[in-house]
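An overview of the molecular structure
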Amino acid sequence: MKRLVSGIQPSGSITLGNYLGAIKQFIALQEELTDTEFFIFIADLHAITVTQDKTQLRKSIRSLAAIYLACGLDPEKVNLFVQSEVIEHNQLGYIMESTVYVPELERMTQYKDKKLKQQAGIKSNLLTYPALMAADILLYDADIVPVGEDQKQHLELTRDLAIRFNSQHGDTFKVPEPLTPKIGGKIMSLQDPHKKMSKSDENPKGVIFLLDDLNVIKNKIKSAVTDSDTRIVYDVENKPGISNLLSIYSIITGQSISEIEKTYANSNYAEFKANLAEKLVEYIRPIQERYQTLLASPELDLVLDKGRDNARHIAYRKIQKVYKRLGLGRIK
Ligand code: ATP
Ligand code: LTN
């Protein structure tokens with residue numbers, strides 16, 4: 001059996017970027033990859049690289065669990081769990097800190113970006129975060145890790161660390177492969193199409209949250225920044241705004257970009273945006289309805305308990321092996 005591992009931070013409300021770059025892939029793959037075990041988690045330990053309010057964090061963890069299921073994750077096929085409930089993530093995270101070098105961490109684009117935004121001091125785990133992420137993946141001997149484009153660099157580092165550990169201590173970890181979607185791997189902000197759509201953006205007008213009021217979603221699409229000429233054509237370099245909207249349109253309708261360009265060859269931006277807004281809202285509406293039911297149902301905890309127990313079983317055995325390889329404790 002192969003294994004697939006991925007996670008999302010409960011660092012705010014889930015965005016259309018998170019959905020199209022990550023969650024939608026998980027859903028498609030759970031049907032396709034019948035020879036693969038899935039481990040999908042809520043990366044709450046990663047969320048505390050920046051200060052979090054405890055009530056809000058607790059809420060975001062539950063909310064993310066309900067979103068995963070509302071989007072179609074099947075708890076029969078997927079082990080869904082909360083990262084901090086499987087202690088081995090911390091244990092292997094620390095070991096990975098002894099495998100990675102500081103300059104490798106300092107080179108990470110996400111670290112450099114987030115460091116600039118940090119006003120109240122940079123926590124040491126903002127730097128060491130990729131060591132924990134590597135642990136999340138290597139703990140389960142993942143073959144595949146579906147993520148958005150922005151996480152590819154962390155995946156490369158994970159691969160390097162697996163190879164390094166294996167060569168220093170003997171074959172221990174599988175070297176994982178990233179998987180990014182062909183379209184939708186990097187959805188851009190609707191207000192600044194040069195910037196990634198992100199949960200923690202200070203300007204919410206550029207970000208579509210899956211749980212936004214449907215009218216708000218429509219308005220955000222309609223007021224999205226577009227480019228100076230009026231043609232609806234895909235050209236990321238020269239027309240990043242409309243290209244971003246075309247990508248969203250293409251993924252949610254399943255139509256190719258060229259088909260959509262043809263359909264709208266004689267239309268203006270306003271018509272195109274109004275149609276996209278309608279389609280997107282109809283796409284998101286059932287997700288929101290399922291979300292409300294799931295959030296209030298006892299099923300959520302049962303799913304998370306089962307996911308945690310299955311994950312622990314594998315993670316415990318892996319940590320025993322790693323400790324033994326390193327000479328830690330009294331394991332012979
Ligand atoms: P934060 O703002 O807290 O850094 P984020 O919105 O960047 O959060 P993450 O939790 O870091 O979200 O990412 C979860 C998953 O969603 C990752 O696989 C990531 O690559 C993907 N993802 C995030 N933003 C986008 C985006 N704009 N387009 C496509 N995929 C994305
Ligand atoms: N760092 C990722 C979330 C994440 C993750 C992982 C993704 C944490 N651990 C392991 C894939 C595999 C992010 O999107 N910020």
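Refer to the structure above for everything that follows.
What you see is a predicted model, and the numbers here were worked out from it, not measured in a lab.

Considerations on the overall build of the protein chain
- Looking only at helices and strands, the protein chain features 13 helices and five strands.
- Taken against the 2.2 N^0.38 rule, which gives 20 Å for 332 residues, the C-alpha radius of gyration of the protein chain at 21 Å falls within 12% of a compact globule.
- Counting all 332 residues of the protein chain, 52% fall into the buried class.
- When contacts within the protein chain are restricted to residue pairs at least 6 apart in sequence, long-range pairs at least 24 apart make up 75% of them.
- On the protein chain, roughly 15,800 Å² of surface is accessible, and the fraction owed to carbon and sulfur atoms is 50%.
- Side-chain charges of the protein chain comprise 44 positive and 42 negative groups, with the mean position of each set lying 4 Å from the other.

A short note on the nonpolar core
- By size, the foremost hydrophobic cluster in this structure holds 65 residues, and its most contacted members are Leu16, Ile23, Tyr68, Leu73, Phe272 and Leu280.
- Ignoring any residue separated from it by four or fewer positions in sequence, one finds tyrosine 68 in contact with Gly7, Ile8, Ile23, Phe26, Ile27, Ile40, Phe41, Ile42, Leu73 and Leu80.
- Counting residues in each nonpolar core, the second largest holds 38 residues, with Phe81, Leu92, Leu105 and Met133 among its members.

A word on the environment of glycine 121
- Relative to the helices and strands, glycine 121 is located in the loop between helix H6 (109–117) and helix H7 (124–138).
- Look at glycine 121 and you get partly exposed, because its relative accessible area is 41%.
- Residues glycine 121 and valine 50 lie 71 residues apart in sequence; the distance between their C-alpha atoms is 9.4 Å.

Brief notes about the site of ligand 1
- In the vicinity of ligand 1 there are 21 residues, among which Asp150, Lys196, Ser198, Lys199 and Ser200 approach most closely.
- In the model, an oxygen atom of ligand 1 is placed 2.4 Å from a nitrogen or oxygen of the lysine 196 side chain.
- One of the side-chain N or O atoms of lysine 199 is found 2.5 Å from an oxygen atom in ligand 1.
- Alone, ligand 1 offers 610 Å² of accessible surface; in the complex the protein occludes 97% of this.
- In terms of residue count, helix H1 (residues 16–32) provides more of the shell around ligand 1 than any other element does, four residues in total.
- In the shell around ligand 1, the residues fall into five nonpolar, eleven polar and five charged.

Some remarks on helix H4 (residues 88–97)
- For H4, the set of buried residues is Glu88, His89, Leu92, Gly93, Ile95 and Met96. In an axial view of H4, the angular spread of the buried residues amounts to 165°, which keeps them on one side of the axis.

Some thoughts on the side chain of arginine 159
- With respect to the element layout, arginine 159 can be found in helix H8 (residues 152–169).
- Within polar-contact distance, the side chain of arginine 159 engages the backbone oxygen of proline 176 at 2.8 Å.
- Ignoring sequence-local partners within four residues, the contact set of arginine 159 consists of Val175, Pro176 and Glu177.

With respect to the packing of aromatic side chains
- For the structure on display, the rule yields nine aromatic pairs.
- On the basis of an interplanar angle of 35° and a centroid distance of 5.6 Å, the ring pair of phenylalanine 41 and phenylalanine 81 is categorised as tilted. You can see phenylalanine 41 sitting in strand E2 (residues 36–42) and its partner phenylalanine 81 sitting in strand E3 (residues 78–82), a full 40 residues away along the chain.
- Note on phenylalanine 41: relative accessible area 4%, which makes it buried.
- On the accessibility criterion, phenylalanine 81 (0% relative accessible area) is buried.
- Relative to phenylalanine 272, the ring of tyrosine 249 lies with its centre 5.5 Å away and its plane at 20°, an arrangement referred to as stacked. Separated by 23 residues along the polypeptide, tyrosine 249 in helix H10 (residues 240–253) and phenylalanine 272 in helix H12 (residues 269–295) bring together distant segments of the chain. Neither residue differs from the other here; tyrosine 249 and phenylalanine 272 are each classed as buried.

Section: the site of ligand 2
- Every one of the 13 residues lining ligand 2 counts as a neighbour, but Gln9, Tyr129, Met133, Asp136 and Gln151 are closest to it.
- Here aspartate 136 contributes a side-chain N or O atom positioned 2.6 Å from a nitrogen atom of ligand 2.
- Look at ligand 2: alone it shows 360 Å² of surface, and the protein chains cover 91% of it.
- Of all elements in the fold, only strand E1 (2–8) and H7 reach the threshold of two or more residues within the shell around ligand 2.

A few points about H10
- Taking 1.5 Å of rise per residue, 14 residues should cover 20 Å, and H10 covers 20 Å from first to last C-alpha, within 8% of that figure.
- In terms of burial, H10 is a largely internal element, 13 of the 14 residues being buried.
- Positive phi shows up at glycine 254, right after H10, with a value of about 80°.

Some remarks on the packing of H4 against helix H13 (residues 299–326)
- Closest axis-to-axis distance for the H4/H13 pair is 10 Å, and the angle between their directions is 30°. The angle between the axes of H4 and H13 places the two elements in the roughly parallel class. The chirality of how H4 crosses H13 is left-handed. Here Glu88, Gln91, Leu92 and Ile95 of H4 lie close against H13, whose contacting residues are Arg312, Ala315, Tyr316, Ile319, Val322, Tyr323 and Leu326.

Some details on the pattern of salt bridges
- For the coordinates displayed, the defined rule picks out 17 salt bridges.
- Here glutamate 278 ties to lysine 218 by a salt bridge, and the two come within 3.4 Å at their closest N and O atoms. With glutamate 278 in helix H12 and lysine 218 in helix H9 (residues 214–222), this residue pair connects regions lying 60 residues apart in the sequence.
- Exposure remark for glutamate 278: the relative accessible area of 38% places this residue in the partly exposed category.

Rules behind the numbers
Residues numbered from 1 in each chain as written. Chains lettered and ligands numbered in written order. Predicted model: local features only at pLDDT ≥ 70, side-chain atom pairs only at ≥ 80, totals over all residues. Heavy atoms only, no water. Helix = DSSP H or I, 4+ residues; strand = E, 2+ residues; numbered from the N terminus. Rg over C-alpha atoms; globule rule 2.2 N^0.38 Å. Buried < 20%, exposed > 50% of the residue type's maximum accessible area, 1.4 Å probe, protein only. Contact = heavy atoms within 4.5 Å. Areas by Shrake-Rupley, 256 points an atom, 1.4 Å probe, with all protein chains shown as cover. Lys, Arg positive; Asp, Glu negative; His and termini not counted. Charge placed at Lys NZ, Arg CZ, Asp CG, Glu CD. Core = buried A, V, L, I, M, F, W, Y, C linked by side-chain atoms within 4.5 Å. Near = heavy atom within 4 Å. Polar contact = N/O pair within 3.5 Å; in protein donor to acceptor, adjacent residues only side chain to side chain. Nonpolar A, V, L, I, M, F, W, Y, C, P; charged D, E, K, R; others polar. Arc of directions from axis to C-beta. Phe/Tyr/Trp six-rings, centres within 6.5 Å; stacked < 30°, edge-to-face > 60°. Expected span 1.5 Å × (residues − 1). Axes fitted to C-alpha atoms, helices over the stretch in contact; angles between N-to-C directions. Parallel < 35°, antiparallel > 145°, perpendicular 65-115°, else oblique. Left-handed = near helix turned anticlockwise from the far one by under 90°. Salt bridge = Lys/Arg side-chain N within 4 Å of Asp/Glu carboxyl O.

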